[in-house]
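So the chains spell out like this:
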Amino acid sequence: MKTLKGIGAVAKTAIGRIKTVATDLSDYFHGYSRETPEKEIAKLLAALSEADEQLSRMIQKAAGGGDSAQAAILEAHRTMLIDPALKATVLQKLDEGEGAPQAMLAVAEQYAAMLASLDEPYLRERAADVLDVGRRVARILLKVDRISTGSAGVILCAKEIEPSLLAEAGNETLQGIILGHGSTTSHAVIIAKAKGLVTIVGINDLSLLTEGLEVVLDGKNGEVIIDPSPEVRAFYQQQIGQETEQLAVQLSQVSEPAITQDGYRVQLAANIGVPGDMERAVEFGCEGVGLYRTEFLFMGRNLPPGEDEQAELYRQVVQQCGQSLCIIRTMDIGGDKPLAYLDIGQEDNPFLGWRAIRISLDRPELFVTQLKAILRAGVSGKVAIMLPMVISAEEIRKAKAFIAQAAQELEREGKAFSRNVPLGIMVETPAAAVLAPLLAKDCDFFSIGTNDLVQYTLAVDRGNARVSKLYSHYHPAILRLVDGVIRAAHENGIWAGMCGEMAGDPGAAMLLTAMGIDELSMSAASIPKVKSVIRGIDKLGAERLLQQVFEMDDAEKIKVFVQKALDEQTTSTHA
């Protein structure tokens, strides 16, 4: 028995047998018969068309099933697939006499190497996506089948797994994923999370994980236990049983509000990307929508969505929220999400470039159209507008002027719209967090976006395996920033919520409740667990825990300390 240490991306347990995934297609090239350049071009064009059809079907299936994150990743792959520059480079190689699969893979590897060499973290992580696209086309040309998970209890293991292959893998027998590369925020991991698979990344010595070997995945501790002894296997089997029982209890209580033992209520809302996400969110007990990511409506098309189309899609979600609030974030588009109709251009660092509120204020024809659609959707229920990437009060005031313009245009056009739509901002930049006492005067609410706030504040690229362990929302600086934002909101008479990844962390939920958070918005699957945690604590006790945390100066020690408190609460609740 041997234990390998990595980083757990899903804090659950799984037992299964290793199935290695080969991403090296070089062995298949030997059996490929290269023909004339004209025939190779014809085969390439047919393979590109087939790949486009495959991705389109997968996107529709993901969006229809309420998995907007997976749909967005696959849409990004499709955008790369139909990129004229990529296609032209491959065709040039075919003219030079290369075989279609070799040329496609070579160009994909060339593009990936270029992206991997860049300083900008987002673009470096997209290198895996370009390789995914190249391998998909090469697999079609080489007639290589997709992943087959076979019998029950399968743990996929690879240096890296192509996100689109993982999206196609069946859920019935798949238990978990082990990756040598990648981070907890890579596209493959995002898809694995959506499938509820225990996932561990950063395992350096994959040579020990051979085909058919039984392993235990301890997602909470980021450990892979090879060939467990009967006693260890029995322990983790019991752990799986307890997790299953806890989930059943949590799901049975999803209709109950998240109220602490001493009466403090926290609203639990859902993060969504398309209207189809709402069915699952309601099933898991959401109380409204804390983040409607509207950028998915603007992607994968040649023209921006019109006012009527947007209004109808927003209306569908607002109606499904019933008496609860639906917070619609204006489009968070930037250089990392290129649009055919928006000339953003190549940016060395799109996360710090022309994006989000900056584009909206510069392109009022897009912004006002979206604002009019949101105001119209407001007549169907409770709706709010949220601005992303704000760094100054001036940006909020300019946005308010455009909201007033949108209302005036709707008035002239005789269209029904809500005249009482709250306006808030995502606090996701250090500037917004520091200026919270001032920005609150121009807002009706704050929603803290911790994904970017942590990355910007700690200067840590969460997609870089070398430093990703430093990325933690338990860092003392982050906890103090979040606490200060919540205090600033309350001191200025507005409420404060959170819609970043931290909101769905059960341990962090204890600290956030102690800070006085009013709302937590997360993926639907996280709601039952977080709700259970909040219902099992008292706020005064959590405040005492928070004070102890504020005396600590190490993120990992804080995380372990909070996890211990969470485990003790879980044990006492189920005793």
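Residues numbered from 1 in each chain as written. Predicted model: local features only at pLDDT ≥ 70, side-chain atom pairs only at ≥ 80, totals over all residues. Heavy atoms only, no water.

**A few points about the environment of Thr 294**
Secondary-structure assignment places Thr 294 in the loop between β11 (289–293) and α12 (295–298). With a relative accessible area of 0%, Thr 294 lands in the buried category. C-alpha separation for the pair Thr 294 and Met 331, spaced 37 residues apart in sequence, amounts to 5.4 Å. Apart from residues no more than four positions distant in its own chain, Thr 294 is found in contact with Tyr 314, Ile 328, Arg 329, Thr 330, Met 331 and Gln 370. Side-chain polar atoms of Thr 294 contact the backbone nitrogen of Met 331, separated by 3.4 Å. (Helix = DSSP H or I, 4+ residues; strand = E, 2+ residues; numbered from the N terminus. Buried < 20%, exposed > 50% of the residue type's maximum accessible area, 1.4 Å probe, protein only. Contact = heavy atoms within 4.5 Å. Polar contact = N/O pair within 3.5 Å; in protein donor to acceptor, adjacent residues only side chain to side chain.)

**Describing the UniProt feature "active site" (unreviewed entry) in the protein chain**
Under the UniProt annotation, the feature "active site" (unreviewed entry) is placed at His 187 and Cys 499. Topologically, Cys 499 is positioned in the loop between β16 (495–498) and α21 (506–515). Contact partners of Cys 499, with chain neighbours within four places excluded, come to Asn 271, Gly 290, Leu 291, Met 386, Met 426, Ser 447, Ile 448, Gly 449 and Ser 521. (UniProt positions renumbered as here; feature names shortened; annotations may be inferred.)

**A few points about the nonpolar core**
Counting 109 residues, the largest nonpolar core has Phe 446 and Leu 520 as its most contacted members. What Phe 446 contacts, discounting residues up to four positions off in sequence, is Ile 425, Val 427, Ala 436, Leu 439, Ala 440, Val 485, Ala 489, Ile 494, Trp 495, Ala 496 and Gly 497. Met 58, Ile 59, Val 133 and Ala 192 belong to the second-largest nonpolar core, a separate cluster that totals 47 residues. (Core = buried A, V, L, I, M, F, W, Y, C linked by side-chain atoms within 4.5 Å.)

**Some thoughts on the pattern of salt bridges**
With the rule as written, the count across this model stands at 26 salt bridges. One salt bridge in this structure joins Arg 487 and Asp 483, with 2.9 Å as the shortest N-O distance. Here Arg 487 and its partner Asp 483 are both found in helix α20 (residues 476–491), four residues apart, which amounts to about one turn of the helix. Look at Arg 487 and you get partly exposed, because its relative accessible area is 46%. Judged by its relative accessible area of 8%, Asp 483 is buried. Each member of the salt-bridge network shares a partner with another, and the members are Glu 307, Asp 308, Lys 372, Arg 376, Glu 409, Glu 413 and Lys 415. (Salt bridge = Lys/Arg side-chain N within 4 Å of Asp/Glu carboxyl O.)

**Observations concerning the sheet that holds strand β3 (residues 13–20)**
In space, the eight strands of this open sheet follow the order β1-β8-β7-β3-β4-β5-β6-β2, with mixed pairing throughout. Across the chains shown, the open sheet's two edge strands, defined by having one partner strand only, are β1 (2–5) and β2 (7–8). Taken together, the four bridges between β3 and strand β4 (residues 154–158) define a ladder with parallel strand orientation. Counterpart to Lys 19 in the pairing with β4 is Leu 156. Along the sheet face, helix α10 (residues 230–252) touches β3, β7 (214–218) and β8 (223–226) and points at about 115 degrees away from the line of β3. (Pairing = 2+ DSSP bridges. Axes fitted to C-alpha atoms, helices over the stretch in contact; angles between N-to-C directions.)

**Overview of the side chain of Glu 40**
Mapped onto the elements, Glu 40 comes out in helix α2 (residues 37–64). The exposure class of Glu 40 is buried, given its relative accessible area of 0%. Among the polar contacts made by the side chain of Glu 40, one reaches the side chain of Lys 43 at a distance of 2.9 Å. Here the side chain of Glu 40 touches Ala 100 through a polar contact of 2.7 Å, landing on its backbone nitrogen. Setting aside its immediate chain neighbours within four residues, Glu 40 contacts Tyr 32, Ser 33, Arg 34, Glu 35, Leu 94, Glu 98, Gly 99, Ala 100 and Pro 101.

**Some points on the packing of aromatic side chains**
Here the structure, examined in full by the defined rule, presents four aromatic pairs. A centroid spacing of 5.8 Å and a plane angle of 75 degrees characterise the contact between Phe 367 and Phe 402, whose relative ring orientation is edge-to-face. Remark: Phe 402 occurs in helix α16 (residues 393–413) and Phe 367 occurs in helix α15 (residues 364–377); sequence separation between them is 35 residues. Side by side, Phe 367 and Phe 402 carry an identical accessibility label, which is buried. Note on Phe 445 and Trp 495: the rings are 4.9 Å apart at their centroids and 10 degrees apart in plane angle, and the pair reads as stacked. A residue pair is termed long-range when its members are at least 10 positions apart, and Phe 445 in strand β15 (residues 445–448) and Trp 495 in strand β16 qualify at 50 residues. (Phe/Tyr/Trp six-rings, centres within 6.5 Å; stacked < 30°, edge-to-face > 60°.)

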